[in-house]
Amino acid sequence: MTFAPVEENPPSDYDRAVFTLAALAGISVDWIDAYNQPQRVTPASLRTILAALGLPCDSHRQGLDSMAQLQRANQSRELPPLITAEIDQPVSLPEHCGLHGRACLITLESGRKLDRRVSDDDSRTPTLEAIDEYGYHRLQVGDAEVTLAVAPRRCYSVADAFDATPHKHFKAHADRGWGLALQLYGLRSQGDGGIGNFTGLAELAARAGTEGAAALAISPVHAMFAADAHRFSPYSPSSRLFLNVLHIDPAAVLGADAVAQVLNEGGPELLARHQRLEQTSLVNWPEAGAHRMMLLRHLYAMFRMQERPSAELAAFRLQGGQALADHALFETLHHWQQTRNIDIASDWRRWPERYHRPGSAELKRLAEEQSGEVDFHIFLQWQASRWMQAAQQSAREAGMAVGLIADLAVGADNGGSQAWSHSSEMITGLSAGAPPDLLNTRGQNWGIGAFSPLALRAQGFRSYIAMLRSAFANAGGVRIDHVMGLTRLWLAPEGGDANEGAYLRYPGRDLLRLIALESWRHRAVVIGEDLGTVPEGFDADLKEAGLMGIGVLWFQRDARANFLPPQQWPGHAIATTSTHDLPTVAGWWRGSDIGWRTKLDLLMPGATDAQTRADRNEDRSLLWQALLDADCVVGDQPPDDAPQDVIDGAAAFIAQTPAPLALLPIEDLLGLEEQPNLPGTVDTHPNWQRRLPATAETLLDHADCRRRMRLLQRTVHVKNTDKTGRKP
């Protein structure tokens with residue numbers, strides 16, 4: 001084991017030095033697990049993690065050198081490239097920069113200039129007078145010039161979105177609504193070729209909007225690996241800066257006739273494959289992905305043959321800048337390597353050394369040689385962006401106050417585009433995950449990379465801000481996966497046991513301020529997935545920042561395991577019946593999730609199938625009673641194989657909570673039994689593959705769906721306009 005009870009195995013002098021270095025680097029040597037037990041990370045694990053952070057300590061001398069390196073960085077008199085602050089609050093400056101009493105000039109984004117002087121009390125943190133405009137301002141002190149990111153006091157809210165959306169669905173000053181949650185890849189539409197696309201998303205968003213929905217939350221649409229559709233987990237993307245081109249609808253590129261031409265020219269076998277993939281019950285990612293890329297290549301060739309320069313594409317390319325060029329080059333290299341040596345193609349770190357640096361002369365020459373392929377991948381990103389934007393526009397035009405809620409994954413694949421093009425800002429050799437907890441007793445190693453907190457500060461949070469802007473760009477809201485990662489993230493050796501990890505501290509206050517700032521600049525709400533082991537006080541920080549948490553039916557219970565009545569649910573979190581990682585209502589009621597966990601040996605330690613099912617019987621009675629007490633159901637508890645009334649009751653139940661948004665997963669809207677993902681599994685459960693049983697055009701016409709949407713229609717709460725805190 002990597003951690004042991006704190007009182008055991010007294011550390012040596014060398015181990016104590018390792019503990020000291022780890023603490024200075026922001027690693028939690030001691031922590032409390034999900035069972036409320038104190039744990040301590042072993043020196044061996046700390047040495048591995050410190051080395052990955054660029055602070056080796058395999059010997060006492062190395063440890064001293066790394067300690068000195070940290071101290072020099074922490075005591076540097078140079079100002080950091082970016083300092084965060086909050087609107088109408090004094091601006092705190094670094095204590096060690098010697099700025100007390102210095103005159104400075106602040107140039108606001110609006111162009112207004114402010115002459116200021118740093119406080120001259122040497123005994124206190126140097127501060128500047130409060131600034132009354134949020135934005136990215138320029139601070140000049142002597143020869144130094146830095147960015148001053150002044151954030152609103154809170155994120156843009158659902159109530160703000162309602163205020164900005166005069167529509168028949170919403171009363172003036174409403175602050176609550178409902179929506180649906182969708183796994184986009186599973187959405188069917190006519191001629192989709194086996195993978196959900198942005199055209200179907202636009203159609204479903206428009207239909208849901210006309211029914212009164214305020215939002216449609218979707219699974220992550222980050223860029224994956226276009227040359228390798230075997231890697232399809234939406235939470236292990238290649239890059240969070242760009243979009244998944246497999247969600248492009250080929251018919252949207254040049255029209256349905258152009259697609260028909262490509263299929264017909266390919267012969268009966270190609271057309272039959274297209275139709276077969278469309279009819280499958282699971283997304284066949286390798287085959288359907290390759291098929292879609294083939295169609296897109298042919299359509300791009302047809303686009304080029306038109307010989308009409310596209311001003312929109314040229315503007316997109318210019319706006320995307322070097323980041324877009326680097327991503328397109330990565331995709332080109334990956335495809336190129338795939339055709340030559342599949343063994344090394346999957347991870348850029350296994351490519352020849354000369355291909356490891358995007359700006360190298362070698363790669364500039366190769367980009368020129370492969371310019372046609374680079375242009376193709378830029379074209380794909382343009383198409384993905386314009387059709388994602390069209391889906392959001394469709395949602396808003398249909399009356400949604402929020403519209404699409406995008407999903408921001410907690411990390412990106414260490415072998416992918418983001419890690420390749422921003423390697424200096426990522427931690428090499430470590431993977432994000434989670435320690436053992438009540439749901440995942442073996443812990444989790446997600447195989448995804450994370451930002452280095454040291455590099456974030458040193459580079460002015462440049463890549464983090466770019467990532468936020470990408471997430472907000474084409475949506476009315478963003479769900480931040482594993483939002484606890486804003487303050488601490490569990491990191492373990494890549495490919496190793498999750499138990500070998502430790503928590504690394506992140507600059508949570510700075511990151512929350514940047515989120516609030518980008519939230520208001522994009523007029524988009526923010527949801528934080530705060531399920532799991534939450535650090536003490538973190539809920540209060542999220543609430544203060546106006547960042548909504550998530551209240552899930554299965555977890556909203558009191559100390560005696562009774563389900564909380566809707567009125568006692570938190571008012572600063574969205575309400576939902578379930579998530580993609582948890583059982584659907586039908587699956588929970590039937591116990592199908594227990595069947596999967598028994599089959600795959602994922603039950604709690606010491607638990608048996610029989611005992612787990614007996615516990616579920618008690619939980620069913622508790623849930624039914626809670627639904628009865630809330631007047632969401634009537635009559636006797638239905639049998640295990642008849643969940644329909646329970647699903648209806650659950651939809652009505654979350655609609656009664658004070659949550660700003662009640663989001664019902666499409667799986668529960670349809671009454672489906674299987675959940676999209678079973679954590680802790682890879683090939684043993686069909687994760688991220690299930691397709692919905694109806695098309696975007698007909699999905700909401702089903703009687704069960706229409707009934708449950710009516711149940712979701714919420715009593716409109718009118719805001720008290722005298723309340724404080726409405727000003728951003």
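See the structure shown above.
Heads up: these notes are all about the structure in this document.

Rules used in this analysis
- Residues numbered from 1 in each chain as written.
- Predicted model: local features only at pLDDT ≥ 70, side-chain atom pairs only at ≥ 80, totals over all residues.
- Heavy atoms only, no water.
- Phe/Tyr/Trp six-rings, centres within 6.5 Å; stacked < 30°, edge-to-face > 60°.
- Helix = DSSP H or I, 4+ residues; strand = E, 2+ residues; numbered from the N terminus.
- Buried < 20%, exposed > 50% of the residue type's maximum accessible area, 1.4 Å probe, protein only.
- Lys NZ or Arg CZ within 6 Å of the ring centre and 35° of its normal.
- Pairing = 2+ DSSP bridges.
- Axes fitted to C-alpha atoms, helices over the stretch in contact; angles between N-to-C directions.
- Contact = heavy atoms within 4.5 Å.

Some details on the packing of aromatic side chains
The relation between two aromatic rings is expressed through the spacing of the ring centres and the mutual angle of the planes.
Right, on to step 1. Applying the stated rule across the entire model yields 24 aromatic pairs.
Right, on to step 2. Consider the rings of tyrosine 156 and tryptophan 520, whose centres lie 5.0 Å apart with planes at 85°: the pair is edge-to-face. With tyrosine 156 in the loop between strand S10 (144-151) and helix H4 (158-163) and tryptophan 520 in helix H17 (residues 508-522), the pair connects residues that are 364 residues apart, well separated along the chain.
Right, on to step 3. What makes tryptophan 520 buried here is its relative accessible area of 7%.
Right, on to step 4. The interplanar angle of 80° and the centroid separation of 4.9 Å between the aromatic rings of tryptophan 490 and tyrosine 503 together place this pair among those described as edge-to-face. Remark: tyrosine 503 occurs in strand S21 (residues 502-505) and tryptophan 490 occurs in strand S20 (residues 488-493); sequence separation between them is 13 residues. This pair shows no difference in class: tryptophan 490 is buried, exactly as tyrosine 503 is.
Right, on to step 5. Aromatic ring contacts, followed pair by pair, group Tyr185, Phe232, Tyr235, Trp285 and Trp688 into a single cluster.
Right, on to step 6. The ring of phenylalanine 19 has arginine 40 lying over it, and the distance from NZ or CZ to the ring centre is 5.4 Å.
Right, on to step 7. Taking NZ or CZ as reference, arginine 231 lies 3.6 Å from the ring centre of phenylalanine 225, over its face.

Structural notes on the sheet that holds strand S6 (residues 103-107)
Right, on to step 1. Reading across the sheet, the 5 strands line up as S4-S10-S9-S6-S7 and stay open at both edges, with mixed pairing between neighbours. Sheet topology places strand S4 (82-86) and strand S7 (113-117) at the edges, where each strand pairs with a single neighbour. Averaged over neighbouring strand pairs, the angle between their axes works out to 30° when direction is ignored.
Right, on to step 2. Of the strand pairs in this sheet, S6 and strand S9 (residues 135-141) are connected by 3 bridges, and their pairing is antiparallel. The residue bridging threonine 107 from the neighbouring strand is arginine 138, located in S9.
Right, on to step 3. Taken strand by strand, H17 contacts S4, S9 and S10, and its axis lies near 125° from that of S9.

Distances and angles like these do not, on their own, reveal function.
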